[in-house]
Amino acid sequence: AVTRADWVEARRRATAPRPEVVAYFASLVPRVRLAVLTNNGSLLRESLGELCPDVCAVFGDGIVASCELGARKPDPLVYRRLLARHGVEPADAVFIDDSAANVAGARAAGLQAIHFQSLDQLRQALTPLLP
């Protein structure tokens, strides 16, 4: 049996936040609404504040675990449910992920999507889409 504390500590050691990416998204907060969709379970969602407080500070209550939506990435249904929760039309949303399959799923749901490969590439792809 693994305790919650042991799991959180193991996850903390396995997690490598990218401060420059978090800072970039923080710079976007005044201009756009942000959300995170993770396929990790409810334990990660509830412990994210301990694991990545900077991420939580930027995305706040926009962080959603797919288990809350009854579908998982890359199923197009999960993106539609997330957007419905936030009252956003698919054509007005941009999804960013490092998984090509997840990007394809978002596109199938009608979202614009960017396959994340580097921060510079993301900035280049996202800048023309920003208000």
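Procedures and definitions
- Residues numbered from 1 in each chain as written.
- Predicted model: local features only at pLDDT ≥ 70, side-chain atom pairs only at ≥ 80, totals over all residues.
- Heavy atoms only, no water.
- Pairing = 2+ DSSP bridges.
- Helix = DSSP H or I, 4+ residues; strand = E, 2+ residues; numbered from the N terminus.
- Right-handed = clockwise from strand over helix to strand, strands pointing away.
- Buried < 20%, exposed > 50% of the residue type's maximum accessible area, 1.4 Å probe, protein only.
- Arc of directions from axis to C-beta.
- Contact = heavy atoms within 4.5 Å.
- Polar contact = N/O pair within 3.5 Å; in protein donor to acceptor, adjacent residues only side chain to side chain.

Draft legend 1. Representation of the pairing of strand β4 (residues 112-115). Pairing between strand β3 (residues 94-97) and β4: four bridges, direction parallel. Of the residues in β4, the one forming a bridge with Asp97 is His115. As for the winding sense of the linkage, the β-α-β connection from β3 through helix α6 (residues 100-108) to β4 is right-handed.

Draft legend 2. A look at helix α5 (residues 76-86). Buried within α5 are the following residues: Val78, Tyr79, Leu82 and Leu83. Within α5, the buried residues cover an arc of 130° as seen down the axis, which keeps them to one side. On its buried side, α5 packs onto β1 (36-38), β2 (63-65), β3 and α6. Measuring from the side-chain oxygen of the N-cap residue of α5 to the backbone nitrogen of Leu77 gives 2.9 Å; that N-cap residue is Asp75. Gly87 lies just past α5 and shows a positive phi near 65°.

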